[in-house]
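Secondary and tertiary structure notes
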Amino acid sequence: MNKIVIGFLLLFSYALIGQENYPTDAFTPPLNVPIILAGTFGELRSNHFHSGIDIKTQQREGLPVYAIGDGTVTRIKVSLWGYGKVLYVAHPNGYTSVYGHLQKFSPAIEEYIKKIQYRKKSYEVEVFPDYGEIKVNKKEIIAYSGNTGGSSGPHLHFEIRSSISERPTNPLLYGIEVADATNPTLEKLFIYPLSKSAQVNGSEEKIQLNFSRQSDGTYLANKINATGKIGVGFIGFDRQDMAANKNGIYAVELIVNGKTYTSYNFEKFSFGETRYINTLVDYEYLGKYRKRIQKCFKAPGNFLSIYNKLENNGQIEVKEGLSYNARLILKDLEGNKVEVTIPIEGKKDVVKLPKASKKTTDYVIAKKTNNYDLKGAKVYFPENTFYENFYIDLKKGEDTVKIHNNTVPAHRNFTITFDVSRYSKSAQKQLFIARLDKNLHPNYTNTYKRGNSFTTRTRNLGTYTLARDTVPPKIRTKNFKEKQWLNNYKYLSVYIADDLSGIDTYSATLNGEWILMEYEPKKKTLTYNFDDRILDKKQCVLEVTVIDNVGNKSTLKTSFYRK
């Protein structure tokens, strides 16, 4: 039995297991404020499910973060993106808690990690302390909340994982209380014709259904005429009390004529499957309208383990002359729900909206490798890059090539290789591969240079070009001026920016010695804490060097006074 089959059987076996018995009295909340959520577990995000809960921190940073139980720190990571400053604590009962987007760690952990940063002369570090090396006690302050990494506002990203499998589970299953008496909201409802001859209300394309609230609080959709295999999709969200955030739905159930066709929830999932979110949502609709339709049927290439039950892959086979009653139920973890009934009549209408033809001259077979020569560049798609076969739209060019658009998801990385032999060696140093956004602005993609071939690996379809960056990064002081006295300052900060290829590396010295400057890309700021080192000179010389992604370099040299 090959590894792929075994993997699929394991995913299937997970779906057959009911909800586990999670300890509800072992842990305490990680914050000493009312737990109000800005994001829920399993929430639909770009190319992934949200693996924890986002806890509001009263729109500020610096709230004490507490260990939810006795344990030992097993991992500390500091990065510019992702979770930013993050701490992992393993507990004796087999679970690991994760605390992300932190402002800083507790003094002891801060001292531990800064020694490593100074030794490696790097702000970004990742360490795995020996088990028991850094012990923490339940309710001990281990960090302070912040906004580091990919966070878009102050909050605490909090997870609970299995220490063995590292599968994240919904933290609200462990007794963490969130006030929630609010029903989920159904925004939009869709019906998809799925089989070759299927149609809904005379349409071979998906249609949106209107629905209205009934006296019992449920909703009733307009009756549809349909034949063939059809599927249901929806746009919806959930809200907890005391928060206006549109969070993710916990559980979805589709019942047809009293029989459950689809049932799934966000109790747990694995990081290895999270990118399959792109098969759960209508990715084409997402690419066009930036809204996520959640499918209640299993699409090709979907190997998610979130399903508790699937009948006919969630597809409703409608036969002429028969009537069907479909009920879609959206629930939160507290049992609050919204329900809509969809009356279906097995009746064939005259097709007024045939399925749109999307044929091009090139056809991608998902399970095979696919190579294309686009004149100035070559594209290589490994097997299983895509979830299903499709006609791909390609346009050739010298410096710019089009590789379809953002309506088709790629599961694996593919490569784009440009021939740069027509450029001089000096010009090649300033070139990079960029993906053009909707405003035709070039966005840097990691460019690997080997001779006259420039290559990038990506999972984003779109238009790619060779761009040239001749302008070095910008550097200027931010909270002080040249030769200023900074006796009462706790920190100094420097502004850095690069408008095209982006910043690759930076370094700073104070009186000739390397210092740790924390980089916050969202604020374009480098910050140095004066507590890190004792200055032995009244006059201090700061030198900051910044290099962009094609090697353009800028250096700032300035001085100040402090004693």
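Numbers given to residues run from 1 along each chain, matching the order in which its sequence is written. At least 70 in pLDDT is required for a residue's local features to be given in this predicted model, at least 80 for side-chain atom pairs to be given and counted, and no such filter applies to totals for whole chains, interfaces and linings, which use all residues. As a rule here, side-chain values come from all non-hydrogen atoms in the structure, and water together with hydrogens is ignored.

Considering the pairing of strand 8 (residues 95-100)
Within strand 8, 6 of the 6 residues are buried, which leaves it mostly tucked inside the rest of the structure. Using a 1.4 Å probe on the protein chains alone, a residue whose accessible area is under 20% of its type maximum counts as buried, one over 50% counts as exposed, and one in between counts as partly exposed. Put simply, DSSP marks the helices as runs of H or I at least four residues long and the strands as runs of E at least two long, and each gets a number from the N terminus on. The alternating pattern of strand 8 places Tyr95, Ser97 and Tyr99 and Thr96, Val98 and Gly100 on opposite faces, both of which are buried. Strand direction decides the pairing type here: strand 7 (residues 85-90) and strand 8, joined by 4 bridges, are antiparallel. Looking at strand 8, one finds that Leu87 is bridged to Tyr99. Between the antiparallel neighbours strand 7 and strand 8 lie 4 residues, among them Gly94 with a positive phi of about 95°. Strand direction decides the pairing type here: strand 8 and strand 13 (residues 155-162), joined by 6 bridges, are antiparallel. The residue of strand 13 that forms the bridge with Thr96 is Arg161. Only strands that DSSP links by at least two bridges are regarded as paired with each other.

Observations regarding the pattern of salt bridges
Whenever a carboxyl oxygen of Asp or Glu lies within 4 Å of a side-chain nitrogen of Lys or Arg, that contact is scored as a salt bridge. As enumerated under the stated definition, the model contains 19 salt bridges in all. Salt bridges here are not isolated pairs; linked through shared partners, they connect Lys375, Glu398, Asp399 and Arg422.

A few points about the side chain of Arg161
The topology assignment puts Arg161 in strand 13. Nitrogen and oxygen atoms within 3.5 Å of one another constitute a polar contact, given that in protein one can donate a hydrogen and the other can accept it, and given that sequence-neighbouring residues count only through two side-chain atoms. There is a polar contact of 2.6 Å between the side chain of Arg161 and the side chain of Glu159.

Comments concerning a nonpolar patch on the surface
Like charges within 9 Å and nonpolar side chains (Val, Leu, Ile, Met, Phe, Trp, Tyr) within 5 Å are joined into patches, using only residues over 30% in relative accessible area that form no salt bridge. Computed with the Shrake-Rupley method and a 1.4 Å probe, the accessible areas treat only the protein chains shown as cover for residues. On the surface, a nonpolar cluster with roughly 250 Å² of combined accessible area is contributed by Tyr363, Ile365 and Tyr391. In this structure, Tyr391 sits in strand 31 (residues 390-392). On the accessibility criterion, Tyr391 (30% relative accessible area) is partly exposed.

Quick word on the environment of Val136
For Val136, the position within the fold is in strand 11 (residues 135-136). Residue Val136 is classed as buried on the basis of its relative accessible area, which comes to 3%. Taking the C-alpha atoms as reference points, Val136 and Ala90, 46 residues apart in sequence, are found 9.7 Å from one another. The contact criterion used throughout is that any non-hydrogen atoms of two residues lie within 4.5 Å. Residues within four places of Val136 in sequence aside, it is in contact with Ala67, Gly69, Asp70, Gly71, Thr72, Val73, Val89 and Ile142.

Observations concerning the confidence of the model for the chain
Detailed reading of the predicted coordinates is not advisable wherever pLDDT is low. Overall, the predicted model of the chain reaches an average pLDDT of 94, with 96% of residues at or above 70. The score called pLDDT rates the predictor's confidence residue by residue, from a low of 0 to a high of 100. Confidence drops under a pLDDT of 50 for residues 1-17, and excluding neighbours within four residues, the segment shows 11 contacts in the predicted structure.

Some words on the sheet that holds strand 35 (residues 431-436)
In spatial order, the strands read 32-33-39-35-36; together these 5 strands make up an open sheet with antiparallel pairing. The open sheet terminates on both sides in strands that have one partner only, identified here as strand 32 (394-395) and strand 36 (442-444).

Focus: helix 2 (residues 107-120)
Along an α-helix, a turn takes 3.6 residues, which lines up residues three or four apart on a common side. In this model helix 2 runs 20 Å from its N-terminal to its C-terminal C-alpha over 14 residues, within 8% of the 20 Å that 1.5 Å per residue would give. Within helix 2, burial applies to Ile109, Glu110, Ile113, Lys114, Ile116, Gln117 and Tyr118. Multiplying 1.5 Å by the helix residue count minus one yields the expected span of that helix.

Describing the nonpolar core
Among soluble globular proteins, nonpolar side chains are generally buried collectively. The criterion is simple. A nonpolar core is a set of buried Ala, Val, Leu, Ile, Met, Phe, Trp, Tyr and Cys residues joined through side-chain atoms within 4.5 Å. Ranked by size, the top nonpolar core spans 106 residues in total, and within it Tyr99, Ile316, Leu328 and Ile344 carry the most contacts. The element best represented in this core is strand 20 (residues 224-237), accounting for 5 residues. Leave out the neighbours within four places in its chain, and Ile316 touches Gly228, Lys229, Ile230, Val232, Leu254, Val256, Tyr261, Ala326 and Ile344. One finds Ile403, Phe414, Ile416 and Leu466 within the second-largest nonpolar core, a separate group that totals 25 residues.

A look at the sheet that holds strand 9 (residues 102-105)
Strand order in this open sheet of 3 strands is 5-12-9, and the pairing throughout is antiparallel. A strand with exactly one partner marks an edge of an open sheet, and here the two such strands are strand 5 (64-66) and strand 9. Across the sheet, the mean angle from the axis of one strand to that of its neighbour is 40°, orientation sign disregarded. Every angle, taken between N-to-C directions, lies between 0 and 180 degrees, and every axis is a line fitted to C-alpha atoms, over only the stretch in contact when it is a helix. Its contacts with the sheet put helix 2 on strand 9 and strand 12 (141-145), and the angle it makes with strand 9 is roughly 90°.

Side note on the environment of Asp393
You can see Asp393 is positioned in the loop between strand 31 and strand 32. What makes Asp393 partly exposed here is its relative accessible area of 23%. In sequence terms Asp393 and Ser426 are 33 residues apart; their C-alpha atoms lie 34 Å from each other. In this structure, Asp393 is in contact with Thr360, Lys402, Ile403 and His404, ignoring residues within four places of it in sequence. In terms of polar contacts, Asp393 uses its side chain to reach the side chain of Lys402, at 2.9 Å.

Description of the packing of aromatic side chains
Between two aromatic rings, the relevant description is the distance of the centres plus the angle of the planes. Here a Phe, Tyr or Trp ring, Trp counted by its six-membered ring, pairs with any other such ring whose centre lies within 6.5 Å, and the pair is stacked when the planes are under 30 degrees apart, edge-to-face when over 60, and tilted otherwise. Applying the stated criterion to the full structure yields 29 aromatic pairs. Between the aromatic rings of Phe27 and Tyr95, the centroid separation amounts to 6.4 Å while the plane-to-plane angle is 85°, which identifies the pairing as edge-to-face. Taken as a pair, Phe27 in the loop between helix 1 (3-16) and strand 1 (37-39) and Tyr95 in strand 8 lie far apart in primary sequence, 68 residues in all. Summarising the burial analysis for this pair, Phe27 and Tyr95 share the class buried. On the basis of an interplanar angle of 85° and a centroid distance of 5.6 Å, the ring pair of Phe211 and Tyr219 is categorised as edge-to-face. Aromatic rings pair up to connect Phe41, Phe49, Tyr264, Phe266, Phe269, Phe271 and Tyr307 into one cluster. Think of it as a cone above the ring: NZ of Lys or CZ of Arg counts as a charge over the ring if it is within 6 Å of the ring centre and within 35 degrees of the ring normal. The aromatic ring of Tyr495 is capped on one face by Arg476, whose charged end is 4.2 Å from the ring centroid.

Re the side chain of His50
Positionally, His50 belongs in the loop between strand 3 (48-49) and strand 4 (53-56). Within the structure, His50 has its side chain in polar contact with the side chain of His157 (distance 3.2 Å).

Here's the deal with the pairing of strand 15 (residues 185-193)
Relative to strand 20, strand 15 is paired through 8 bridges, and the arrangement is antiparallel. Paired with Tyr192 across the two strands is Gly231, which belongs to strand 20. Relative to strand 17 (residues 207-209), strand 15 runs antiparallel, the two sharing 3 bridges. Residue pairing across strands places Ile191 opposite Ile207, the latter belonging to strand 17.

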